[in-house]
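Chain by chain, the residues run as shown.
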Amino acid sequence: MVSRNIASDLLLIALLTAFQVFILNRIALFGQYIPVLYPVFVMFYPFFRNQFQFLGLSFLLGLCVDAFLGTWGINAFATTVIAYFRTIIFRTSTDTTTDFFSFQSIQWTQFIFFIITSIFIHQFLVQFIEFFKFNRFFEILFNVIVTSIISFVFILAYTLAFKIKQKV
Amino acid sequence: MGALLRFFSKNALFVFFIFLQLVAIVLIFSKNSMQQSFLAAKTAAFNSWVSGYIDEGTSYLKLKQINEDLVTQNKALMKELYGKEKLDKPVFRRVYDTIGGGQIYTFVDGEVVFNSINRKDNYFTINRGRLQGVSSKMGVIAPRGIAGIVINTTDNYSLVQSVLSTNKIKISASLKKSGYFGTLSWKGDDSRTMTLSDIPKYVPLKVGDTVVTDGKSSIFPAGIMVGTVAGYQVDSKTGFWDVSVELSEKIGKLSTVYVVRNLKKSEVQKIDDTLKAQIKKDGQ
């Protein structure tokens, strides 16, 4: 794999934003559920790199998506949350107590659990902040779950296509 | 100070995270309309709650002055009553309701406690809320014309989307003389005029023609005054008239307003729902 630097990260952000905004947002499955793919940048960013740069880039990615969708700040908020808590999500989805993180070393089930947890937290934050109506809790929760499942399929396809689990 | 610095250097990543989240929260509450209206309703309610107490306090200080005023007024009235010969008795009139139709609209009066006209989407707050029977999507009219639509209510206050809102307000209005209807919206520059579009080019227009609401939505009754035609030109893109309407009610000095309650709204809603169901059935 090409060694990643800030320039390739920025390029990846631009590509993911364009893909999310111009292609995925026009696929509304069953009329209303939009698959979300761009958090893969946050989920599969290499471990043991500059954490400040990672947080900043995650925020930038969310903000780029927001800028195109007109939902200023909402995606940026959710993306930064999963970026900051990524190691905690990773630890809870595996039972490792060491400080060694890599996707190669874990089981497929643990890997899938990690993806589902991340995308669920992300969608939960995005949709609840976006609708901002607490009296429609279950309606929104149902929406979150369906969107998470659809997004999970897309993310799994992405990981298989780019062989993420074997590389990172 | 030293402790603070040590905290920052130890938790630099956490501080950076909090900083990014604060930026996002500021963006969320300043750029998204749903969150904005929530915040505006809460601050307006708090604002009027505080100023209510202040008003009550100052009214106590004014009691003596008010008392003196009342005594002089009372004196004048007594002079009027006892000091003069009575000339004519008041006549009472009784009006019979000959039509006997059911009532469709009722009105709740209220006072504006907070108002703005200088933003792109404007709001004002009135001192009537859920407990007085106000709920969202009710129209608000002022003595001389339409004023807005209720979007959020608390127990005793309501937040109203002013007609001066560029994206949020589209009202169906018609020319009183010819009966043609179009869409009324605000361009966002002048608080005294709104724009009536979708009027076909062959409709004759004159400066000074009256524009009224047409009761096509269940929000405003038909025939409520909107304003008068101040100027018109053909929109080169659509080929329809672009009519600028001078509002008869000055939104900038709104004080007393009436909230329109449509008693038949649920019934209208029901028939609309059957239409939707029919369209859905036909589509399948």
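Note that the structure is predicted; figures quoted are calculated from it, not measured.

(A) Layout of the overall build of chain B. Along its length, chain B carries five helices and 12 strands. Per-residue burial over chain B gives 31% buried out of 284 residues. Residue pairs at least 24 apart in sequence account for 57% of intrachain contacts in chain B once pairs closer than 6 positions are excluded. When the accessible surface of chain B is split by element, carbon and sulfur atoms take 58% of a total near 18,700 Å².

(B) Region of interest: the overall build of chain A. Looking only at helices and strands, one finds eight helices and zero strands in chain A. The linear arrangement of helices and strands in chain A, starting from the amino end, is α-α-α-α-α-α-α-α. Across the 168 residues that make up chain A, the buried fraction comes to 48%. When contacts within chain A are restricted to residue pairs at least 6 apart in sequence, those whose partners lie at least 24 apart make up 67%.

(C) The arrangement of the interface of chain A and chain B in detail. Facing the 22 residues of chain A at the interface are 18 residues of chain B. When chain A packs against chain B, close to 1,700 Å² is buried across both sides, 80% of that on carbon and sulfur atoms. Our count for the chain A to chain B interface comes out at zero salt bridges. At the boundary of chain A with chain B, the tally comes to two residue pairs in polar contact (both at pLDDT 80 or more). Residues that form the side of chain A that touches chain B fall into these classes: 14 nonpolar, six polar and two charged.

(D) Spotlight on the packing of aromatic side chains. All names here are of chain A. Inspection of the entire model under this criterion finds 20 aromatic pairs over all chains. Aromatic side chains Y84 and F85 sit 5.1 Å apart centroid to centroid with 85 degrees between the ring planes, which places their arrangement in the edge-to-face category. Accessibility expressed as a relative area gives 22% for Y84, which makes it partly exposed. Ring centres of F124 and F128 lie 4.7 Å apart, and the angle between their planes is 40 degrees; on these two criteria the pair is classed as tilted. Note that F124 and F128 are positioned in helix α6 (residues 108-131) at a spacing of four residues, about one turn of the helix. Using a relative accessible area of 29% as the deciding quantity, one classes F124 as partly exposed. A network of ring pairs unites the aromatic residues F120, F124, F128, F137 and F138 as a single cluster.

(E) Geometry of the side chain of S148 of chain A. Residue and element names in this part refer to chain A. With respect to the helices, strands and loops of the structure, S148 is situated in helix α7 (residues 137-162). A relative accessible area of 7% means that S148 is categorised as buried. Excluding residues that lie within four positions of it along the chain, S148 makes contacts with I119, F120 and Q123.

(F) The confidence of the model for chain A, seen in detail. Looking at chain A as a whole, the pLDDT averages 84, with 92% of positions reaching at least 70. Predicted confidence in chain A is weakest over helix α8 (residues 164-167) of chain A, with a mean pLDDT of 72, and strongest over helix α4 (residues 74-84) of chain A, with 91.

(G) The UniProt feature "transmembrane region" (unreviewed entry) in chain A, seen in detail. With numbering matched to this structure, UniProt assigns "transmembrane region" (unreviewed entry) to residues 6-23, 30-48, 54-85, 106-128 and 140-162 of chain A. In residues 6-23 of chain A, the share of helix is 100% and the share of strand is 0%. The end C-alpha atoms are 25 Å apart.

(H) Examining a nonpolar patch on the surface more closely. All names here are of chain A. Nonpolar side chains collect at one region of the surface, where F19, F22, I23, I27, F68 and L69 lie side by side and expose about 530 Å² of accessible area between them. Mapped onto the nonpolar patch, the elements with two or more residues apiece are α1 (6-23) and α3 (51-69). It is α1 that provides the largest number of residues to the nonpolar patch, a total of three residues. Mapped onto the secondary structure, F19 falls in helix α1. Residue class for F19 comes out partly exposed when judged on its relative accessible area of 34%.

(I) View of the confidence of the model for chain B. Residue and element names in this part refer to chain B. Residues with a pLDDT of 70 or more make up 91% of chain B, whose mean pLDDT is 82. This stretch, residues 85-95, has a pLDDT under 50; its non-local contacts, to residues over four places away or in other chains, come to zero contacts. On the interface metric, ipTM, the complex scores 0.79, and its pTM is 0.50.

(J) Spotlight on the pairing of strand β11 (residues 241-247) of chain B. Residues and elements named next belong to chain B. In terms of burial, β11 is largely enclosed, as five of its seven residues are buried. Bridge analysis of strand β8 (residues 193-199) against β11 gives five bridges, and the strand direction is antiparallel. Within β11, the residue paired with L196 across the bridge is V243. Hairpin connection, strand β10 (residues 225-234) to β11: the antiparallel pair is bridged by six residues, and G239 has positive phi, about 80 degrees.

(K) The arrangement of the sheet that holds strand β1 (residues 105-115) of chain B in detail. All names here are of chain B. With antiparallel pairing, six strands are arranged side by side around a closed barrel as β1-β2-β5-β4-β3-β12. Sheet twist, expressed as the mean angle between neighbouring strand axes with direction ignored, is 45 degrees. Examined bridge by bridge, strand β4 (residues 145-153) and strand β5 (residues 158-165) share five bridges and lie antiparallel to one another. The residue of β5 that forms the bridge with V150 is V160. Helix α3 (residues 33-61) contacts β1, β2 (121-126), β4 and β5 of the sheet and is inclined by roughly 100 degrees relative to β4.

Basis of the calculations
Residues numbered from 1 in each chain as written. Chains lettered and ligands numbered in written order. Predicted model: local features only at pLDDT ≥ 70, side-chain atom pairs only at ≥ 80, totals over all residues. Heavy atoms only, no water. Helix = DSSP H or I, 4+ residues; strand = E, 2+ residues; numbered from the N terminus. Buried < 20%, exposed > 50% of the residue type's maximum accessible area, 1.4 Å probe, protein only. Contact = heavy atoms within 4.5 Å. Areas by Shrake-Rupley, 256 points an atom, 1.4 Å probe, with all protein chains shown as cover. Buried area = accessible area lost by both parts, 1.4 Å probe. Salt bridge = Lys/Arg side-chain N within 4 Å of Asp/Glu carboxyl O. Polar contact = N/O pair within 3.5 Å; in protein donor to acceptor, adjacent residues only side chain to side chain. Nonpolar A, V, L, I, M, F, W, Y, C, P; charged D, E, K, R; others polar. Phe/Tyr/Trp six-rings, centres within 6.5 Å; stacked < 30°, edge-to-face > 60°. pLDDT = per-residue confidence, 0-100. UniProt positions renumbered as here; feature names shortened; annotations may be inferred. Patch = residues over 30% accessible without salt bridge, like charges linked within 9 Å, V, L, I, M, F, W, Y side chains within 5 Å. Pairing = 2+ DSSP bridges. Axes fitted to C-alpha atoms, helices over the stretch in contact; angles between N-to-C directions.

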